Amino acid sequence: MRAAEYFEGQFTVADVTEPPVTGPGQLRIRVAVCGICGSDLSMSKDPCRFVEVAAGAGYPFAVFDAGRPVVLGHEWAGTVVETGPGVEDFAEGDRVTGLGITTEQDTGLPTIIGYSNRYHGAFGEFILVDAFWVRHVPDGLSLEHAALAEPLHVGEMHMQQSGLTPADTALVIGCGSIGLGTILAAKAAGAHTVIASEPSPKRRELAAKMGADIVVDPNDQDPIALYNELLGSGRTGGGLLIAYECSGRVGALNSLTHSLPWGSRIQVVASPFAEETIIPVVAQMRQIAINFGHGPYDQAYEKVLARLAAGDIDAESIITGRVGLDGLGDAFESLRDPEAHVKILVLPGQ
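Residues numbered from 1 in each chain as written. Predicted model: local features only at pLDDT ≥ 70, side-chain atom pairs only at ≥ 80, totals over all residues. Heavy atoms only, no water.

### Details of the sheet that holds strand β15 (residues 289-291)
Sheet architecture is open: 6 strands sit in the order β12-β11-β10-β13-β14-β15, paired in parallel fashion. With one partner strand each, in any of the chains shown, β12 (214-216) and β15 form the two edges of the open sheet. This sheet shows a mean twist of 20° between the axes of neighbouring strands, independent of strand direction. Examined bridge by bridge, strand β13 (residues 241-245) and strand β14 (residues 265-268) share 4 bridges and lie parallel to one another. Across the sheet, the residue bridging to isoleucine 242 is arginine 265, located in β14. Helix α4 (residues 149-162) contacts β13, β14 and β15 of the sheet and is inclined by roughly 150° relative to β14. In the packing of helix α8 (residues 252-259) onto the sheet, contacts are made with β10 (169-173), β13, β14 and β15, and the angle to β14 comes to roughly 170°. (Pairing = 2+ DSSP bridges. Helix = DSSP H or I, 4+ residues; strand = E, 2+ residues; numbered from the N terminus. Axes fitted to C-alpha atoms, helices over the stretch in contact; angles between N-to-C directions. Contact = heavy atoms within 4.5 Å.)

### Topic: the packing of α4 against helix α5 (residues 177-188)
In the contact formed by α4 and α5, the axes pass within 7 Å of each other and the chain directions differ by 50°. Judged by the angle between their axes, α4 and α5 are oblique. Handedness of the α4/α5 crossing: right-handed. Judged by residue contacts, Pro151, Leu152, Val154, Gly155, Glu156 and Met159 of α4 engage Ser177, Ile178, Gly181, Thr182, Leu184, Ala185 and Ala186 from α5. Of the residues belonging to the contact of α4 with α5, the class tally is 8 nonpolar, 4 polar and 1 charged. (Parallel < 35°, antiparallel > 145°, perpendicular 65-115°, else oblique. Left-handed = near helix turned anticlockwise from the far one by under 90°. Nonpolar A, V, L, I, M, F, W, Y, C, P; charged D, E, K, R; others polar.)

### Remarks on the UniProt feature "domain: Enoyl reductase (ER)" (unreviewed entry) in the protein
With numbering matched to this structure, UniProt assigns "domain: Enoyl reductase (ER)" (unreviewed entry) to residues 9-346. Strand forms 23% of residues 9-346 and helix 31%; the C-alpha atoms that close the span are 18 Å apart. (UniProt positions renumbered as here; feature names shortened; annotations may be inferred.)

### Comments concerning the domain arrangement of the protein
Domain annotation of the protein identifies domain 1 (2-137 + 314-346) and domain 2 (154-292). The gap between the C-alpha centroids of domain 1 and domain 2 is 29 Å. Contact residues are listed per partner, giving 15 residues for domain 1 and 13 residues for domain 2. For the pair domain 1 and domain 2, the summed buried surface comes to about 1,200 Å²; carbon and sulfur atoms form 64% of the total. If one sorts the elements of the side of domain 1 that touches domain 2 by residue count, helix α2 (residues 47-56) sits on top with 3 residues. Counted by class, the side of domain 1 that touches domain 2 contains 7 nonpolar, 4 polar and 4 charged residues. (Domains from an automatic or database assignment. Buried area = accessible area lost by both parts, 1.4 Å probe.)

### Quick notes on the nonpolar core
Grouped together as the largest cluster of nonpolar side chains are 45 residues, with contacts concentrated most on Leu152, Leu164, Leu180, Ile183, Val194, Tyr244 and Leu308. The leading source of residues in this core is α5, at 5 residues. When residues of this core are sorted by domain, at least three fall in each of domain 1 (2-137 + 314-346) and domain 2 (154-292). The residues touching tyrosine 244, leaving out its near neighbours within four places in the chain, are His158, Met159, Ser162, Leu164, Ala170, Leu171, Val172, Ile173, Thr182, Gln267 and Val269. (Core = buried A, V, L, I, M, F, W, Y, C linked by side-chain atoms within 4.5 Å. Buried < 20%, exposed > 50% of the residue type's maximum accessible area, 1.4 Å probe, protein only.)

### Focus: the environment of lysine 209
Relative to the elements of secondary structure, lysine 209 occurs in helix α6 (residues 201-209). For lysine 209, a relative accessible area of 48% puts it in the partly exposed group. The sequence separation of lysine 209 and isoleucine 313 amounts to 104 residues, and the corresponding C-alpha distance is 9.4 Å. Apart from residues lying up to four places away in sequence, lysine 209 is in contact with Asp314 and Ser317.

Dropping the structure here:
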């Protein structure tokens with residue numbers, strides 16, 4: 001099959017071996033579209049560090065041989081071309097999207113497609129995924145817009161895990177696709193106020209479009225000082241300030257533990273792969289809770305997919321570029337400039 005392999009810092013479009021045979025409970029899907037994820041950018045920047053961190057964490061989903069080519073991509077949507085034994089809810093021709101998770105048939109271990117040398121990601125023509133993680137695309141929703149459900153549902157999931165209530169204020173730090181999804185989730189949950197902090201003018205504009213009540217450039221205005229002003233004048237809902245760290249910037253967590261009001265919460269939505277130093281007792285002294293993704297959530301992916309289908313999300317505004325496989329290298333470089341792009345979709349058929 002035709003795919004874009006990543007190896008030694010470059011993407012090369014080539015004919016590659018198709019994924020393994022379709023096993024029990026699995027679907028073979030012809031990819032129509034796949035978004036470029038922030039974790040793909042991290043992996044391409046330093047594959048060895050990416051694998052080292054995943055292996056050290058005991059996280060088998062993303063461990064592969066960085067000395068061999070991989071086909072990235074897990075924010076996919078497409079059409080079912082084959083169903084494995086035991087699959088009853090899907091049929092050939094169904095339009096589908098979902099999480100890019102598959103069970104390796106040799107080991108029985110889960111893996112994220114694209115972070116495997118054998119189970120290719122969706123920067124190619126076909127993928128193999130477990131049907132458990134797949135959802136039907138609602139009628140009237142394009143496959144391109146459906147592919148946004150994967151990155152946007154991360155914000156919904158973390159919002160639910162943070163325990164946000166209508167009395168609380170959400171401070172979203174970093175407004176890439178993950179931050180925009182967090183804004184959408186906080187607004188849908190009825191947060192009293194949503195403050196977005198983002199240095200990029202393009203992304204601040206998108207944050208406002210997604211419903212943020214207040215949008216600030218942190219280089220010009222401290223969003224926490226702004227919140228303190230709102231608190232002092234009685235313009236908060238009487239709840240907590242929950243900071244959603246979506247920038248993935250090294251040093252952000254340490255800064256937040258020192259500057260947030262006492263009793264605040266930090267929900268870590270995006271994390272760097274580099275080491276970061278914090279002083280734990282500072283968070284303890286200030287009674288600040290830090291959540292890295294613990295806690296229950298309910299139907300996060302399904303809720304976002306339904307909002308996309310209902311037109312409650314301005315999906316087209318989030319998509320800032322489309323490329324074929326031949327344009328992947330340039331697309332990855334463009335995404336490193338926050339003013340250039342937010343979400344680029346890859347169309348393997350082009």
